[in-house]
Amino acid sequence: MRDLSKKDLDKLSTSVAGLRLEHPIMNASGVLGAEPEQIEILASMGLSAIVSKTITRDPRSGYDPPIVVELRNGDLINAVGLANPGIGIIPRIIERAKRIGKKIIISVGGSSEKEFVEVASRADESGADAVELNLSCPHTKGYGMDIGSDPENVSSVVESVASVIKIPVIAKLGLSDKILASAGRALEKGAKTLTLINTIRALAIDVYSMKPILTNIFGGLSGRSIHPIAVRVVYEVYREYRPEIIGVGGVFTWEDAAEFILAGARAVQIGTALIKNPRIVQEILRGLVQWLEAVEAERLESLVGAAHKI
């Protein structure tokens, strides 16, 4: 495969949440990104921006192992439990990202509006480029989907955060039967961008012990299986509101990323695939450049939402 030239990168540049990015690929908030050293690992993968692991006000140790199970099809179910060092790590994460010249988005978790505001405010004060509100973790009681599945809760949290910080607010929403309503309320109350979607609540059972494998019983399914679902959600939300969207879920190839773009996403996050293939970012970017040439498009941004024009 050919190396990417400046001209290639110009074709791939995009903007989302007020941030101009050299290309559309960032990481999904997940296993890495809660320590300065991990920020450097993520940066080495060639991402255009780095999303931290979800940070909560107080340190969380998470669940006891096993916390991850690989399924027979290669997908993962994880129940880490939002393990993180707490709010005090935020300045160090941001300083490291700035030192190496990477835009940094702090993923914010909380069990109440007050906690979301506290963590987001610390990110703002410390120089983050944006915050991503985790309103969609499917396996931690009192956090994520426990809040984000109710449009009124989404509305309150987004409004509380957006009213007190200056940097852009991104709302990360998960799969629910009210996701269109939640998306609308988030945008109405100040979210500049939506990240769609998170992992999906799932369960794996050991057929010999006859017990659930994860100590938490339930976890979040990630990988190829959720990709068509995530594309459908991006498509429906874009059709309804035409917002700025970051698509996430099961991206392993440039075609997967292209589907998100065509459905309405301006940027794409990668999670499980980064674990399996640290070189995947460059592979996807080269594929996207060749795709633009094949469909005779000058810029990636011109294809955002193109699937709606049929």
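Coordinates for the structure precede this section.
Residues numbered from 1 in each chain as written. Predicted model: local features only at pLDDT ≥ 70, side-chain atom pairs only at ≥ 80, totals over all residues. Heavy atoms only, no water.

1. Let's talk about the side chain of Asp 129
To be explicit about the condition: Numbering of helices and strands runs from the N terminus; a helix is a DSSP stretch of H or I covering at least four residues, while a strand is a stretch of E covering at least two. We call two N or O atoms a polar contact when they sit within 3.5 Å, provided that within protein one can donate a hydrogen and the other can accept it, with sequence-adjacent residues counted only if both atoms are side-chain atoms. Throughout, a contact is declared for two residues whenever any of their heavy atoms are within 4.5 Å.
Tracing the chain through its elements places Asp 129 in the loop between helix 4 (113-125) and strand 8 (130-135). A distance of 3.1 Å separates the side chain of Asp 129 from the side chain of Lys 98, its partner in a polar contact. The contact partners of Asp 129, leaving out residues within four places of it in the chain, are Leu 19, Lys 98, Lys 102, Lys 103, Ile 104, Ile 167 and Pro 168.

2. With respect to the sheet that holds strand 5 (residues 68-70)
Keep this limit in mind: DSSP calls a pair of strands paired once it identifies at least 2 bridges connecting them. Simply put, an axis is a line fit to the C-alpha atoms, just over the touching stretch for a helix, and the angle between two N-to-C directions goes from 0 to 180 degrees.
Ordered by their spatial adjacency, four strands build an open sheet running 5-6-14-11, and the pairing between neighbours is antiparallel. The open sheet has two edge strands with one neighbour each: strand 5 and strand 11 (200-203). The mean angle between the axes of side-by-side strands here comes to 35°, regardless of whether they run parallel or antiparallel. Where strand 6 (residues 76-78) and strand 14 (residues 218-222) come together, three bridges link them in antiparallel fashion. Across the sheet, Asn 78 pairs through a bridge with Gly 220, a residue of strand 14.

3. A few points about the packing of aromatic side chains
Our working rule: Two rings from Phe, Tyr or Trp (for Trp, the six-membered ring) form a pair when their centres are within 6.5 Å of each other. A pair whose planes differ by under 30 degrees is stacked, one over 60 is edge-to-face, and the rest are tilted. Burial classes follow relative accessibility: with a 1.4 Å probe on protein chains only, a residue under 20% of its type's maximum area counts as buried, one over 50% as exposed, and anything between as partly exposed. Lysine and arginine charges are scored as sitting over a ring when NZ or CZ, respectively, is within 6 Å of the ring centre and within 35 degrees of the ring normal.
Applying the stated criterion to the full structure yields one aromatic pair. Centre to centre, the rings of Trp 254 and Trp 291 are 6.2 Å apart; their planes meet at 35°, and the pair counts as tilted. One end of the pair, Trp 254, is in helix 9 (residues 254-263); the other, Trp 291, is in helix 11 (residues 280-294), with 37 residues separating them in the sequence. On the accessibility criterion, Trp 291 (11% relative accessible area) is buried. Above the plane of the ring of Phe 218 lies Arg 201, whose end atom (NZ or CZ) is 4.1 Å from the centre. Taking the ring centre of Phe 252 as reference, the NZ or CZ of Arg 224 above it sits at 3.8 Å.

4. Structural notes on the pairing of strand 14
Strand 14 sits mainly inside the fold: four of its five residues count as buried. Bridge count for strand 11 against strand 14 is four bridges, and the pairing is antiparallel. If you follow Ala 202 over to strand 14, its bridge partner there is Gly 219.

5. A look at the pattern of salt bridges
For clarity, the cut-off: One speaks of a salt bridge when a side-chain nitrogen belonging to Lys or Arg is within 4 Å of a carboxyl oxygen belonging to Asp or Glu.
Under the definition given, this model contains 16 salt bridges. Two residues, Arg 20 and Glu 301, come together in a salt bridge whose shortest N-O distance is 3.1 Å. Taken together, the positions of Arg 20 in strand 2 (residues 19-21) and Glu 301 in the segment after helix 11 put the pair 281 residues apart, joining distant regions of the chain. Exposure remark for Arg 20: the relative accessible area of 41% places this residue in the partly exposed category. Take Glu 301: its relative accessible area is 21%, and that puts it in the partly exposed class. Salt bridges sharing partners connect three or more residues here, namely Arg 57, Asp 58, Lys 114, Glu 115 and Glu 118.

6. Comments concerning the nonpolar core
Condition: Only buried residues count toward a nonpolar core, which is a set of Ala, Val, Leu, Ile, Met, Phe, Trp, Tyr and Cys residues joined through side-chain atoms within 4.5 Å.
Formed by 82 residues in total, the largest nonpolar core has its most connected members in Ile 106, Val 131, Leu 133, Leu 135 and Leu 196. Among the elements that line this core, the one with the most residues is helix 11, at eight residues. Excluding anything up to four places from it in sequence, Val 131 contacts Ile 105, Ile 106, Val 108, Ala 120, Ala 123, Ile 165, Ile 167, Pro 168, Val 169 and Ile 170. Counting twelve residues, the second largest nonpolar core, distinct from the first, contains Met 26, Ala 49, Ile 105 and Ala 130.

7. Overview of the sheet that holds strand 4 (residues 49-51)
The sheet built from eight strands is open, its strands ordered 3-16-15-10-9-8-7-4 with parallel pairing. Strands at the two margins of the open sheet, each flanked by one partner only, are strand 3 (25-27) and strand 4. Each strand axis lies, on average, 25° off the axis of its neighbour in the sheet, ignoring direction. Packed on one face of the sheet, helix 2 (residues 36-43) meets strand 3, strand 4 and strand 7 (103-108) and runs near 135° to strand 4.

Function-wise, these values are silent; they only describe arrangement.
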